[in-house]
Amino acid sequence: MAAYGALVSLMHIIDRIEKHPSPPISIHKQQVESLTQNVTFLQDFLDAYISPVVDDHEADPLERRIADAVYAAEDVIESQIVLQIHNQSRIRGKMSSFINLFRARCKCTTIDRNEFELGVNASEEFYHDLQQVIEEMNLIKKEAMEIAAAAQLQTKVSSSHVVSSTSSSSVKESKMVGFVEVLLEVLDKLSGGQLSRQIIPIMGMGGTGKTTLARHVFQHALVKEHFDICAWTTISQTYNLKETLREVLFQASGHSSSDLSEGELGLRLYQYLWGWRYLIIMDDIWSIEVWDKMRSSFPDCNNGSRIVITTRLSNLTSQLGESYGVGMKFLDKRSSWDLFCKTVFGGESFPPELKKIGKNIVANCKGLPLSIATIGGLLAKSERTREYWARIEQNLNSIVITNNDEFCLKILRMSYTYLPNYLKPCFLYMGVFEEDRSIRASMLKKLWVSEGFLKPASGKCWETIAEEYLKELVDRNLILVDELGFSGNVKFCKIHDLLRDVCLKEVEKERFYHIIEKTPSVIDKERRRVVFKND
């Protein structure tokens, strides 16, 4: 949530100023104590008393007041820092002029008294502005204390339901449950049948496992043995044809071609693929247009080459001129249960007291693999009690069931609302990356650190904390592993486009950052601004 991330960020700023050997500004000791107490209390309050609500349409008013007050405090402090740096630069300039005059004329002169008065007035104004913000935070704290007192009278505050990850594995293996027959069908079509180049579309709504199936096909030993060249590219709604051709050519040949034009890349790819039996997987195609632009780059040498396309468009098969396509269906009850059990408990046995609730939860996912995996990832990181699982079941029951992406979004949003507060800003930040973007994990972790999203932990550096946050989001199936490093750590990651949609909806509601391209409006008060490239 934006409020929690803002509180953590403000504490970073105060801590850096207090520990700096030569701080750019000085904050009154009493104000530092007031800010620290308020921030600490409000963090604990958000953790303990703000319950996730699945079907709310607006951000909690109190959370929004907290975020606005914290942002105001940051603005006051950072504006004062900028002002002091500017004033010090002017004073140094005056001193330099004075010294030069003294040396030249051996006369005494004085610096304009206005410079001194300017600094005094600025300090007084800074103290006054910061005090106003502290008073607003005091009022918020008082209201929060009343809410906490009322909650304590109604029920005992349950302990945190989040369970720290103790798994030694840094990344979970992708699960292929319920689609063995489909996998065998695709493999048979790849290795047998006609020799002419053939396109095999894999179709289905978002979250049905199209990319997972394609990935298993791509990594299968039979495929590696049968084809001379294998390449994978992700297209998505907004694609860059030149970059796509360059990516496929690089995977096919191993040579970089950054200096070639779009036409030259297409010709070079055609020439390189000629004579070889190749497999090209084009993931997440949204229109026939991209294929029309690329088809001339893939030669038909009558040697059994294949192109696999994943798409949400059921009519793309006919547009491609193909009579064969693989339709991804919803999982049946047995397969849904198997996937859920493997996601939540791995190889452990299922607790008997949770089976009935678990089966109800799985039934409400309506066989959608992404929903089952995501809810399973949530429960895998939660306490295993009937009370907590019943809350998840109740919220799932309240969702209007429709067989489209909106239904999936509503289920996936639960995984966000039940995230620990310290992970929410990191997850929401994933929306700033373009759809289907492969994100370097090291860069992502540095961005989290620089944004001030990470909560300090005794004896741990920022890199370690960021790595733990990333691992937990991966374990919850909210961030996908795109590539592993040599040591088994996450090297590149990405986010499913439906989960990215969840991010953008929550961001808009909580005003966490502003996407300029999406809503051209007044953005003077927006904390972060995101501009997506139009390639």
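The notes below deal with the structure included here.

About the cut-offs
- Residues numbered from 1 in each chain as written.
- Predicted model: local features only at pLDDT ≥ 70, side-chain atom pairs only at ≥ 80, totals over all residues.
- Heavy atoms only, no water.
- Helix = DSSP H or I, 4+ residues; strand = E, 2+ residues; numbered from the N terminus.
- Buried < 20%, exposed > 50% of the residue type's maximum accessible area, 1.4 Å probe, protein only.
- Contact = heavy atoms within 4.5 Å.
- Areas by Shrake-Rupley, 256 points an atom, 1.4 Å probe, with all protein chains shown as cover.
- Polar contact = N/O pair within 3.5 Å; in protein donor to acceptor, adjacent residues only side chain to side chain.
- Pairing = 2+ DSSP bridges.
- Phe/Tyr/Trp six-rings, centres within 6.5 Å; stacked < 30°, edge-to-face > 60°.
- Lys NZ or Arg CZ within 6 Å of the ring centre and 35° of its normal.
- Right-handed = clockwise from strand over helix to strand, strands pointing away.
- Axes fitted to C-alpha atoms, helices over the stretch in contact; angles between N-to-C directions.
- Left-handed = near helix turned anticlockwise from the far one by under 90°.
- Nonpolar A, V, L, I, M, F, W, Y, C, P; charged D, E, K, R; others polar.
- Expected span 1.5 Å × (residues − 1).
- Parallel < 35°, antiparallel > 145°, perpendicular 65-115°, else oblique.
- Salt bridge = Lys/Arg side-chain N within 4 Å of Asp/Glu carboxyl O.

**What about the overall build of the protein chain?**
Counting secondary structure elements, the protein chain contains 20 helices and 10 strands. The buried share of the protein chain, reckoned over its 535 residues, is 47%. Within the protein chain, contacts between residues at least 6 apart in sequence are counted, and of these 75% link residues at least 24 apart. In the form shown here, the protein chain has an accessible surface area of approximately 27200 Å², with 51% of it arising from carbon and sulfur atoms.

**Side note on the side chain of Lys445**
Mapped onto the fold, Lys445 is located in helix 18 (residues 441–451). Reaching out from Lys445, the side chain makes a polar contact with the side chain of Glu463 at a distance of 3.2 Å. If near-sequence neighbours (up to four positions away) are discounted, Lys445 is found in contact with Glu463, Ala466, Glu467 and Leu470.

**So, unusual backbone geometry**
Of note, Asp284 is a non-glycine position whose phi angle comes to about 65°, a positive value. Along the chain, the position of Asp284 falls in strand 3 (residues 278–285). Positive phi outside glycine occurs at Asn302, with the angle close to 60°.

**Concerning the sheet that holds strand 8 (residues 490–494)**
Spatial strand order, 6-8-7: three strands in an open sheet with antiparallel pairing. Looking at the sheet topology across the chains shown, the edges are occupied by strand 6 (439–440) and strand 7 (480–484).

**Re the packing of aromatic side chains**
The tally for this structure, following the rule as stated, stands at 16 aromatic pairs. Aromatic pair Tyr278 and Phe298: ring centres 6.4 Å apart, planes at 35°, arrangement tilted. Highlighted residues: Tyr278 in strand 3 and Phe298 in the loop between helix 10 (288–294) and strand 4 (306–311), separated in sequence by 20 residues. Arranged with centres 4.6 Å apart and planes meeting at 65°, the rings of Phe345 and Phe350 form a pair that is edge-to-face. Over the face of the ring belonging to Trp337 we find Lys359, whose NZ or CZ atom lies 4.0 Å from the ring centre.

**Points about the pairing of strand 4**
Burial analysis of strand 4 places six of its six residues in the buried class, which makes it a mostly covered element. Here strand 4 shows no split at all, with Arg306, Val308 and Thr310 on one side and Ile307, Ile309 and Thr311 on the other all buried. In this sheet, strand 4 lies alongside strand 1 (residues 198–203) in parallel orientation, the contact comprising six bridges. Bridging across to strand 4, Ile200 finds its partner in Val308. Handedness of the crossover joining strand 3 and strand 4 through helix 10: right-handed.

**Description of the packing of helix 12 (residues 333–345) against helix 13 (residues 352–364)**
Two elements in contact, helix 12 and helix 13, have axes separated by 10 Å at closest approach and are oriented at 115°. Both helix 12 and helix 13 take part in a crossing whose hand is right-handed. Each of Ser336, Trp337 and Phe340 in helix 12 lies in contact with helix 13, whose residues at this interface are Lys355, Gly358, Lys359, Ile361 and Val362. Looking at side-chain class alone, the contact of helix 12 with helix 13 contains four nonpolar, two polar and two charged residues.

**Looking at the pairing of strand 7**
Sheet topology note: the strand 7/strand 8 ladder contains four bridges and is antiparallel. By the bridge assignment, Val481 is partnered in strand 8 with Cys493. Here strand 7 folds back onto strand 8 in antiparallel fashion, the turn holding five residues, of which Gly488 has a positive phi close to 90°.

**Concerning helix 19 (residues 462–475)**
Its 14 residues place the ends of helix 19 20 Å apart at the C-alpha level, agreeing with the 20 Å of an ideal helix rising 1.5 Å per residue. For helix 19, the full list of buried residues reads Ile465, Ala466, Tyr469, Leu470, Lys471, Glu472, Leu473, Val474 and Asp475. The inward-facing, buried residues of helix 19 abut helix 14 (369–380), helix 17 (424–428), helix 18, strand 7 and strand 8. Two residues or fewer past helix 19, Asn477 is found with a positive phi of approximately 65°.

**A short note on the packing of helix 5 (residues 180–191) against helix 6 (residues 210–219)**
Interhelical geometry of helix 5 versus helix 6 gives an angle of 50° and a closest axis separation of 10 Å. Here helix 5 is positioned oblique relative to helix 6, judged by the angle of their axes. As helix 5 packs across helix 6, the resulting crossing turns out to be right-handed. The segment helix 5 lies against helix 6, with Val182, Leu183, Val186, Leu187 and Leu190 engaging Leu213, His216 and Val217. Considered class by class, the residues forming the contact of helix 5 with helix 6 number seven nonpolar, one polar and no charged.

**Points about the pattern of salt bridges**
A full pass over the atoms with the stated rule returns 13 salt bridges. With a shortest N-O distance of 3.7 Å, Lys293 and Glu289 are connected by a salt bridge. One end of the pair is Lys293 and the other is Glu289, both in helix 10 and four residues apart, which spans about a single turn. Classification of Lys293 as partly exposed rests on a relative accessible area of 43%.

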